[in-house]
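Observations on the model geometry
Single-letter residue listing:
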Amino acid sequence: MKQLPKSHATLIEGQMFRLMKSGQGKPSIVLINGAGGPLDGWYKLYPEIEQLGTVFAYDRPGVGGSPKPREAQYGETVVAQLRLLLQTAGIEPPFVLVGHSFGGLHANLFARAFADEVAGVLFLEATAPDDVTTLKQFQSPLQRGFIKLLDRISPRDQFDEIRHELETVKDIQEAPAFPPVPVTVLSGTKRLPRWMVPAALVRERERTQLALAALSPLGERIEARRSAHFPQLTEPELVLDALKRLVARTKV
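Rules of the game
- Residues numbered from 1 in each chain as written.
- Predicted model: local features only at pLDDT ≥ 70, side-chain atom pairs only at ≥ 80, totals over all residues.
- Heavy atoms only, no water.
- Helix = DSSP H or I, 4+ residues; strand = E, 2+ residues; numbered from the N terminus.
- Patch = residues over 30% accessible without salt bridge, like charges linked within 9 Å, V, L, I, M, F, W, Y side chains within 5 Å.
- Areas by Shrake-Rupley, 256 points an atom, 1.4 Å probe, with all protein chains shown as cover.
- Salt bridge = Lys/Arg side-chain N within 4 Å of Asp/Glu carboxyl O.
- Expected span 1.5 Å × (residues − 1).
- Buried < 20%, exposed > 50% of the residue type's maximum accessible area, 1.4 Å probe, protein only.
- Pairing = 2+ DSSP bridges.
- Axes fitted to C-alpha atoms, helices over the stretch in contact; angles between N-to-C directions.
- Contact = heavy atoms within 4.5 Å.

**Some remarks on unusual backbone geometry**
For the bond from Lys 26 to Pro 27, the omega torsion is 0 degrees, close enough to zero to count as cis. For Pro 27, the position within the fold is in the loop between strand E2 (15-22) and strand E3 (28-32). Tyr 46 connects to Pro 47 through a cis peptide bond whose omega is 0 degrees. Assignment of secondary structure puts Pro 47 in the loop between E3 and strand E4 (54-58). Look at Glu 13: it is not a glycine, yet its phi comes out positive at around 50 degrees. Mapped onto the elements of the fold, Glu 13 is located in the loop between strand E1 (8-12) and E2.

Here you go:
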């Protein structure tokens, strides 16, 4: 049975974080969860992922074992907290960032802000900036209703970063250019029923995923044909293989 390494808590600037560090050597692989997702969601990648280098995962404020945020979770705030947390935990660059879902925005911003420290990025079913600004117009009435319901019933602290998503996109737009490092975009392509996800939204999502791969001249796209939004759970072997090949393409 798969089992995660032991996690522990660290306090930085008055904010407590739950984190997990395992493996050894370079590069340092930094796992960045999607919105509301705790680090436990990576469990199917262990222990194999530890053979690729030092592995770091953590819960952002308001999620899992990390208490509610002490300040608004804008993109620049999340990225600054992550970098300070890496330094405090002794996780040294070069970093290979793995950003799942909403965490893809944070990986995108981190790579721009600290380009000299980033060796590669795996965008895993990742949110692209245009997803935040354009996808809503393609959503079905069911999707809009579900999102409104989730916003009403969800703990406010858990999804604080989503409430600031437009500011995070602005942070990315105002950041330096994305560095020319190896990039892999791994997208789940398993289709949900059309009454749930309109074809126009699927086409727009395909465009934005390809745009993520085009961020770098060293970008590539991989399709996870048996997965929807969580390839790390439904096709962990594919994710591990993609990450292994990405690490091999970095200059580490």
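**Details of a nonpolar patch on the surface**
On the surface, Tyr 43, Phe 230 and Leu 233 cluster together into a nonpolar patch covering about 250 Å² of accessible area. Positionally, Leu 233 belongs in helix H8 (residues 231-234).

**A word on helix H1 (residues 75-88)**
A rise of 1.5 Å per residue sets the reference length of H1, with its 14 residues, at 20 Å; its end C-alpha atoms lie 20 Å apart and thus fit the reference within 8%. Along H1, the residues classified as buried are Gly 75, Thr 77, Val 78, Val 79, Gln 81, Leu 82, Leu 85 and Leu 86. Count one or two residues on from H1 and you reach Gly 90, which has phi positive near 75 degrees.

**Remarks on the sheet that holds strand E7 (residues 183-188)**
With mixed pairing, the 8 strands of this open sheet are ordered in space as E1-E2-E4-E3-E5-E6-E7-E8. Where the open sheet ends on each side, the last strands, each with one partner, are E1 and strand E8 (219-224). Between one strand axis and the next, the sheet turns by 25 degrees as a mean value, whatever way the strands run. With 5 bridges connecting them, E1 and E2 associate as antiparallel partners. Residue pairing for E2: Leu 11 is matched across the bridge by Met 16. The strands that helix H9 (residues 236-249) touches are E3, strand E5 (95-100), strand E6 (118-124), E7 and E8; relative to E7, the one it contacts most, it runs at about 170 degrees.

**Re the environment of Pro 129**
Mapped onto the secondary structure, Pro 129 falls in helix H3 (residues 129-134). Here the alpha-carbon distance between Pro 129 and Gln 173, two residues 44 residues apart in the chain, equals 8.6 Å. Once residues lying within four places of it in the same chain are set aside, the contact partners of Pro 129 are Leu 105, Asn 108, Val 169 and Ile 172.

**Quick notes on the pattern of salt bridges**
One pass over the full model with this rule turns up 14 salt bridges. When the shortest N-O distance is used, the salt bridge between Arg 205 and Asp 131 registers 2.7 Å. Placement of Arg 205 in helix H7 (residues 199-213) and of Asp 131 in helix H3 is noted, with a sequence separation of 74 residues between them. For the pair shown, Arg 205 and Asp 131 are each scored as buried. Through salt bridges with shared partners, a single ionic network connects Glu 220, Asp 241, Arg 245 and Arg 249.

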